[in-house]
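Summary of structural features
Single-letter residue listing:
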Amino acid sequence: MEVSVTLWVLTIVGLAALIAVDFFIGRKPHDVSIKEAGIWTGVWIALAGLFGLGLLLFGGGQPAGEFFAGFITEKSLSVDNLFVFVLIMAKFAVPSQYQQRVLLIGVLIALVLRAIFIAAGAAILASFAWVFYIFGAFLIWTAWKLIQEARADDEDEEFEENKLLKAVERRFGVADRYHGTKLWIQENGKRIMTPMLVVMLAIGTTDVLFALDSIPAIFGLTQDPYIVFTANAFALMGLRQLYFLIGGLLRKLVHLSYGLSVILGFIGVKLVLHALHESGVHVPEISIPVSLGVICSVLIVTTITSLRASKKQAEAEAAAAGSDDASKDSVEA
């Protein structure tokens, strides 16, 4: 799809305006209710849907299909990111009323970093078609790694700060407590960071690691930088509200990693087939409608099986607890 400089500018300005509105609404620290999170999650999904319909009207079915496939894929991968966000919030003991501000700035940092990744990826793919082989192989390897991690089922997983974050902390120093929403304070005549800034940087820089598989994944669905960027933007911008909406449900999505591994593996195969086709090998290519159908089907099946498994586990734990209580009562008697 041909995208003019004017359209790029209007899109970026529009996204910036939406971010400003989001910041204005959440400027006052407060605990986000399920109702508030649900309303705004619906608003962001509706905005993404309207944008996709706009692409359908003015760009045709191909760009619209690529956007929806990319948006759904990025959104599902973002849900997996929330597991790590929960660990980060626990690691830094972020007060509940400040968590929305942390997520807003952290996601904004992630969006800027992803834009750089997308620009670099588009330039590389435009110059070197063989990179599709690398992207495809990397996604298949990531899919296998996800399955291994899901089987490991590490209950005691904790967030570990990356080397960049540790270097920044050593360079500037960190206060021993939160000072409201302040990012910097003066202490003993020295300007140091607050834990609020540290946790924002943790969320923003950690997302770069997730971008290593999500960016190749969406390039496997479309090579249009405009669609790649907008799909990522809409998926990330509603992530803050989604965190509060499904925070309590994350533990119930026990099969999410398996579903994401299937999606990443599928897109990896699609990329390899596309690379072979570009090299002149006559192989079938997977269309966007098929990709969209596979992605949606996998997510639906994964959600259903996860909820069923969680329900059975809860019933088994309740039965075990009841049995223990009965045994205790009989011993006391």
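So, a few notes on the structure that sits alongside this text. Source: prediction; values computed, not measured.

For the rest of this paragraph, the subject is unusual backbone geometry. Phi at Ala93 is positive, roughly 50 degrees, even though this residue is not glycine. With respect to the helices, strands and loops of the structure, Ala93 is situated in the loop between helix 3 (61–91) and helix 4 (99–127). A positive phi is found at Asn188, a non-glycine position, where the angle reads about 55 degrees. With respect to the helices, strands and loops of the structure, Asn188 is situated in the loop between strand 1 (184–187) and strand 2 (190–193).

Enumeration according to the criterion identifies 2 cavities of 30 Å³ or more in this entry. Looking at the largest cavity, the residues that line it are Ile19, Asp22, Trp44, Leu103, Leu104, Val107, Leu108, Leu111, Met237 and Arg240. Looking at the lining of the largest cavity, the elements that each hand over two or more residues are helix 1 (5–25) and helix 4. Here the lining of the largest cavity gets 5 residues from one element, more than from any other, and that element is helix 4. When grouped by side-chain class, the residues that make up the lining of the largest cavity number 8 nonpolar, no polar and 2 charged. Counted as a void, the second largest cavity has a volume near 70 Å³. Lining the second largest cavity are 11 residues, with Glu36, Trp40, Gln100, Arg240 and Gln241 positioned closest to its centre.

The next point concerns helix 9 (residues 239–246). Of all 8 residues that make up helix 9, 7 are buried, and the element is covered over most of its length. What helix 9 keeps buried is the set Leu239, Arg240, Gln241, Leu242, Tyr243, Phe244 and Ile246.

Among the surface-exposed residues, Ile124, Phe128, Trp130, Tyr133 and Ile134 lie close enough to one another that they form a single nonpolar patch of about 490 Å² accessible area. Mapped onto the elements of the fold, Trp130 is located in the loop between helix 4 and helix 5 (131–152).

Under the definition given, this model contains 1 salt bridge. In this structure, Glu74 engages Arg114 in a salt bridge whose closest nitrogen and oxygen atoms are separated by 3.1 Å. Of the two residues, Glu74 is situated in helix 3 and Arg114 in helix 4; the sequence distance between them amounts to 40 residues. In this structure Arg114 comes out as buried when scored by relative accessible area, which is 3%.

Procedures and definitions
Think of each chain on its own: its residues are numbered from 1, step by step along the sequence as written. Only residues with pLDDT of at least 70 are given local features in this predicted model, and only at 80 or more are side-chain atom pairs given and counted; all residues enter the totals for whole chains, interfaces and linings. Hydrogen atoms and water are omitted, and side-chain values are computed over all heavy atoms in the structure. Strands here mean DSSP runs of E at least two residues long; helices mean DSSP runs of H or I at least four residues long; both are numbered from the N terminus. Put simply, the grid is 1 Å and covers the protein atoms alone, a cavity is a trapped set of points that fit a 1.4 Å probe, a pocket is an open set with protein on both sides within 12 Å along at least five of seven lines, and lining residues have an atom within 4 Å of a point. Grid points are joined across faces, edges and corners, and a volume is the space filled by probe spheres set on the points. As a working rule, the residues Ala, Val, Leu, Ile, Met, Phe, Trp, Tyr, Cys and Pro are called nonpolar, Asp, Glu, Lys and Arg charged, and the rest polar, with Gly in that last group. In this scheme, a residue with accessible area under 20% of its type's maximum is buried, one over 50% is exposed, and one in between is partly exposed, where area comes from a 1.4 Å probe on protein chains only. The patch calculation keeps residues exceeding 30% relative accessible area without a salt bridge and links them within 9 Å when they carry like charges or within 5 Å when they are nonpolar (Val, Leu, Ile, Met, Phe, Trp, Tyr). Accessible areas in this description were obtained via Shrake-Rupley with a 1.4 Å probe; residue shielding takes into account the shown protein chains only. Salt bridge, as used here, is a side-chain nitrogen of Lys or Arg placed within 4 Å of a carboxyl oxygen of Asp or Glu.

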